[in-house]
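Given next are the chains, with one letter for each unit.
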There are 2 protein chains.
Amino acid sequence: MENRDVDRTLSLMWRRVLGTPQGSRGPKQRFSVDEVIRAGIAVADEEGLPAFSMRKVADRLGLKLMSIYTYVPSRDELIGLMVDEVMGEPELTPHAGDWRERLTVVARQMWDEFHRHPWLLQVEQSRPWIGPNGSDRWEWQLAAIEGAGFTDLEMDQTITLIGDFTGASARADVAALRTAEQSGITDLEWWEVNAPVLERLMPPAAYPISGRVGTTAGEEYNAVRDSERSFRFGLERILDGLEVLLTSGRRPRS
Amino acid sequence: MENRDVDRTLSLMWRRVLGTPQGSRGPKQRFSVDEVIRAGIAVADEEGLPAFSMRKVADRLGLKLMSIYTYVPSRDELIGLMVDEVMGEPELTPHAGDWRERLTVVARQMWDEFHRHPWLLQVEQSRPWIGPNGSDRWEWQLAAIEGAGFTDLEMDQTITLIGDFTGASARADVAALRTAEQSGITDLEWWEVNAPVLERLMPPAAYPISGRVGTTAGEEYNAVRDSERSFRFGLERILDGLEVLLTSGRRPRS
DNA sequence: CCTAACTCCGTATGCCTTACGGTATTTGGT
DNA sequence: ACCAAATACCGTAAGGCATACGGAGTTAGG
């Protein structure tokens, strides 16, 4: 990636700060970059990232396909801009309560966001775009545990841990929701269709533990999985583990 | 999804158990389903899932594109079969040591696997295929914590937690490795190109905490991120948190 | 008032999956 | 021994995608 591309990318990301460097010669653009980004978000919200295409963005704006490329250099770039745009949606409310409550808010915000914009989980960012909203968010997330007693390194690792885990849980939950919706068949119905076949294929003797655990979980969840509950379980364990780190005594306030 | 499709899907998955129901009339197939699956894995290993195509699988076997469809009903199905095939690669060694060590082995096995077959992280399984190797693995993973004092429900949630977290960490690590390899530019070089631009865009006063933390982390990691280290950090926290759950006293052996 | 710069778009290239129909091959049944 | 059914393999085409390129129309600076 050339230096010029870096500039092009970043100047779109930070267009609020830099202003839009509109050359003044030719005709004015019919839309703004922001409108293109918002149209992109709408398409992705409705159809998911695999079905997201430049043509659909263009159609939504009443432009023809290739005109989109005068606003944005490529599909990947547009997606990067969409991501940072979305990062700016939730208000970064001042932190309150102890660090456990604060981290819970941080995690819950991400969880909600992944449900509002499931395509975020499908973005493959080769190199992370550094945009204004993402940067503000990262600052806010770190602020949640500032002064709790972590070292700088641990702060970085802690937010990464919370984010990674929340993303993975949300991914499972969103996948389950989407499948249920698309196939028009509930988890339970699916199971009822497959169970007889699987019972023939999987002798209980070969799966003593998963058989027992699966039955218990199925009865308790009233479904094959309950991702929301797994998320709460995991988050509590992680918070407990962080507390152990903080109270293990070997730690002078850095 | 019709009942017949369920059968078709599952009978391919469990072909070892069921035998291949080869009608005996026409010409024999030149290859086996297993060879197709292995060719698919080779393609995915080399080029990743986005570049994975039926044509490449066919080319690798010396078949023409459409012939693949006589072995496997669709691309998605083939990917499902590839996943279960890969799940059978590592040996499920008998568990030894305490539950912490065992869970570490479980997590490390997944971590390694995601690095051996990074495309696993790109698979969007709408409904999870239940195959023999995946089932055996799940049984083995649960066995790692059998008798440690968890309830059945907690066993399910614990393995899910370890798996989710490991997947997310591996995703970050693999993405970083791939980017470094593809762009031929290291994290550090990328930073050196971008830093001057970003310094202009991001006034330090607006990012006091992330500035400080980022500097510390950068010096310590000798890179922007160190996913391997974040993985070890997160895993330790999670294991600590699970230990809290087990030793909190409120727990009669279920 | 002319021309440089710019927007918008038509066309083309080269990918992808998969539906469909044709042809060659093998074998069970007669 | 021969025919017909079943099957594997493949050619073609439809309908999708990103994006390179060049042309036509529009605007404003000099």
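Just so we're clear, the structure is a prediction, and the values are computed from it rather than from any experiment.

**Regarding the overall build of chain A**
Consideration 1: Of regular secondary structure, chain A possesses eleven helices and zero strands.
Consideration 2: For chain A, the α and β elements follow one another from N to C terminus as α-α-α-α-α-α-α-α-α-α-α.
Consideration 3: Principal-axis analysis of the C-alpha atoms gives chain A an extent of 75 × 55 × 30 Å.
Consideration 4: Taking all 254 residues of chain A together, the buried fraction comes to 46%.
Consideration 5: Taking as baseline every contact in chain A between residues at least 6 positions apart, the subset at least 24 positions apart corresponds to 75%.
Consideration 6: With an accessible surface of roughly 12700 Å², chain A has 53% of that area assigned to carbon and sulfur atoms.
Consideration 7: One finds the centroid of the 30 positive side-chain charges in chain A at a distance of 5 Å from the centroid of its 40 negative side-chain charges.

**Examining the nonpolar core**
Consideration 1: Judged by nonpolar contacts, the single largest core of 127 residues is most densely connected at Trp14, Phe52, Leu78 and Trp119 of chain A together with Phe52, Leu78 and Trp119 of chain B.
Consideration 2: Apart from residues no more than four positions distant in its own chain, Leu78 of chain B is found in contact with Val36, Ile37, Phe52, Met54, Val57 and Val72 of chain B.

**Comments concerning the interface of chain A and chain B**
Consideration 1: Taken together, the contact pairs 73 residues of chain A with 73 residues of chain B.
Consideration 2: Taking both partners together, chain A and chain B bury about 6500 Å²; carbon and sulfur atoms supply 63% of that area.
Consideration 3: Arg178 of chain A serves as the salt-bridge partner of Glu124 of chain B, at 3.8 Å between the closest nitrogen and oxygen.
Consideration 4: Going through the elements one at a time, helix 1 (3-13), helix 7 (132-143), helix 8 (152-183), helix 9 (187-201), helix 10 (208-221) and helix 11 (227-247) of chain A are the ones with two or more residues in the side of chain A that touches chain B.
Consideration 5: Considered class by class, the residues forming the side of chain A that touches chain B number 36 nonpolar, 17 polar and 20 charged.

**Observations concerning the protein's contact with DNA strand D**
Consideration 1: Looking at DNA strand D, there are 28 residues lining it, with Arg25, Pro27, Arg30, Lys64 and Ser67 of chain B nearest.
Consideration 2: For DNA strand D, the fraction of protein-proximal atoms (within 4 Å) that sit in sugar or phosphate groups is 68%.
Consideration 3: Between DNA strand D and Arg75 of chain A, the relevant distance is 3.1 Å, taken from a phosphate oxygen to a main-chain nitrogen or oxygen of the residue.
Consideration 4: Contact between DNA strand D and Lys64 of chain B: a phosphate oxygen at 2.8 Å from a main-chain N or O atom of the residue.
Consideration 5: Here the surface near DNA strand D is built from residues that sort into ten nonpolar, ten polar and eight charged.

**Section: the protein's contact with DNA strand C**
Consideration 1: Contacts to DNA strand C come from 26 residues, most closely from Arg25, Arg30, Lys64 and Ser67 of chain A together with Arg25 of chain B.
Consideration 2: Near-protein atoms of DNA strand C (within 4 Å) split between backbone and bases, with sugar and phosphate holding 68%.
Consideration 3: Separating a base nitrogen of DNA strand C from a side-chain N or O atom of Arg25 of chain A is a distance of 3.1 Å.
Consideration 4: One of the backbone N or O atoms of Met54 of chain B is found 3.1 Å from a phosphate oxygen in DNA strand C.
Consideration 5: For the surface near DNA strand C, a count of residues per class yields ten nonpolar, nine polar and seven charged.

**Remarks on the environment of Val83 of chain B**
All names here are of chain B.
Consideration 1: Topologically, Val83 is positioned in helix 5 (residues 75-87).
Consideration 2: Once the C-alpha coordinates of Val83 and Ala176 are considered, the two residues, 93 residues apart in sequence, prove to be 23 Å apart.
Consideration 3: The contacts of Val83, once residues within four sequence positions are left out, are Trp119, Leu120 and Val123.

**Topic: the relation of the copies chain A and chain B**
Consideration 1: For the pair chain A and chain B, the superposition axis carries a translation of 0.0 Å, the fit reaches an RMSD of 0.1 Å, and the rotation angle comes to 180°. In the structure described here, the two chain copies are related by an operation that fits a two-fold rotation axis. Within chain A, the C-alpha atom positioned nearest to the axis of rotation is that of Gly241 of chain A, 1.9 Å from it.
Consideration 2: Here 100% of the interface residues in chain A have copies in chain B that are interface residues too; the copies meet face to matching face.

**Let's talk about the packing of aromatic side chains**
Residue and element names in this part refer to chain A.
Consideration 1: For the structure on display, the rule yields eight aromatic pairs over all chains.
Consideration 2: Geometrically, the ring pair formed by Trp99 and Phe150 is edge-to-face, given 5.9 Å between the ring centres and 80° between the ring planes. Of this pair, Trp99 sits in helix 6 (residues 99-116) while Phe150 sits in the loop between helix 7 and helix 8, placing them 51 residues apart in sequence.
Consideration 3: Its relative accessible area of 3% is what places Phe150 among the buried residues.
Consideration 4: Both rings, one in Trp190 and one in Trp191, keep their centres 5.7 Å apart while their planes meet at 40°; by these two values the pair is tilted.
Consideration 5: For Trp190, a relative accessible area of 12% translates into the label buried.
Consideration 6: By relative accessible area, Trp191 is classed as partly exposed at 36%.
Consideration 7: Taken together through their ring pairs, the aromatic side chains of Trp111, Phe165 and Phe231 make up a single cluster.
Consideration 8: The ring of Phe233 carries the charged tip of Arg237 above its face, separated from the ring centre by 4.7 Å.

**Observations regarding the domain arrangement of chain A**
Residues and elements named next belong to chain A.
Consideration 1: Here chain A is partitioned into domain 1 (3-87) and domain 2 (99-186 + 223-247).
Consideration 2: One C-alpha centre belongs to domain 1, the other to domain 2, and the line joining them spans 27 Å.
Consideration 3: The partner domain 2 presents 15 residues to the 20 residues of domain 1 that form the contact.
Consideration 4: Around 1600 Å² of area is buried between domain 1 and domain 2 when both sides are counted, 69% of it from carbon and sulfur atoms.

**Quick notes on the side chain of Arg15 of chain A**
Residues and elements named next belong to chain A.
Consideration 1: Relative to the assigned elements, Arg15 resides in helix 2 (residues 15-18).
Consideration 2: Using a relative accessible area of 10% as the deciding quantity, one classes Arg15 as buried.
Consideration 3: Beyond its immediate chain neighbours, meaning those up to four positions away, Arg15 contacts Thr20, Val33, Asp34, Ile37, Leu81 and Glu85.

**Observations concerning the packing of helix 8 of chain A against helix 8 (residues 152-183) of chain B**
Consideration 1: Where helix 8 of chain A contacts helix 8 of chain B, the two axes come as close as 8 Å, and the packing angle between them is 110°. By the angle between their axes, helix 8 of chain A is roughly perpendicular relative to helix 8 of chain B. Handedness of the helix 8 of chain A/helix 8 of chain B crossing: right-handed. Contacts between helix 8 of chain A and helix 8 of chain B involve Leu161, Asp164, Phe165, Ala168, Ser169 and Arg171 of chain A on the former and, on the latter, Leu161, Asp164, Phe165, Ala168, Ser169 and Arg171 of chain B.
Consideration 2: Its residues assigned to classes, the contact of helix 8 of chain A with helix 8 of chain B shows six nonpolar, two polar and four charged.

**Brief notes about helix 8 of chain A**
Consideration 1: Under the 1.5 Å per step criterion, the end-to-end length of helix 8 of chain A is 46 Å for 32 residues, consistent within 8% with the ideal 46 Å.
Consideration 2: Following helix 8 of chain A by one or two positions, Gly184 of chain A adopts a phi angle in the positive range, close to 60°.

So, how was this worked out
- Residues numbered from 1 in each chain as written.
- Chains lettered and ligands numbered in written order.
- Predicted model: local features only at pLDDT ≥ 70, side-chain atom pairs only at ≥ 80, totals over all residues.
- Heavy atoms only, no water.
- Helix = DSSP H or I, 4+ residues; strand = E, 2+ residues; numbered from the N terminus.
- Buried < 20%, exposed > 50% of the residue type's maximum accessible area, 1.4 Å probe, protein only.
- Contact = heavy atoms within 4.5 Å.
- Areas by Shrake-Rupley, 256 points an atom, 1.4 Å probe, with all protein chains shown as cover.
- Lys, Arg positive; Asp, Glu negative; His and termini not counted.
- Charge placed at Lys NZ, Arg CZ, Asp CG, Glu CD.
- Core = buried A, V, L, I, M, F, W, Y, C linked by side-chain atoms within 4.5 Å.
- Buried area = accessible area lost by both parts, 1.4 Å probe.
- Salt bridge = Lys/Arg side-chain N within 4 Å of Asp/Glu carboxyl O.
- Nonpolar A, V, L, I, M, F, W, Y, C, P; charged D, E, K, R; others polar.
- Near = heavy atom within 4 Å.
- Polar contact = N/O pair within 3.5 Å; in protein donor to acceptor, adjacent residues only side chain to side chain.
- Least-squares fit on C-alpha atoms with pLDDT ≥ 70 in both.
- Phe/Tyr/Trp six-rings, centres within 6.5 Å; stacked < 30°, edge-to-face > 60°.
- Lys NZ or Arg CZ within 6 Å of the ring centre and 35° of its normal.
- Domains from an automatic or database assignment.
- Axes fitted to C-alpha atoms, helices over the stretch in contact; angles between N-to-C directions.
- Parallel < 35°, antiparallel > 145°, perpendicular 65-115°, else oblique.
- Left-handed = near helix turned anticlockwise from the far one by under 90°.
- Expected span 1.5 Å × (residues − 1).

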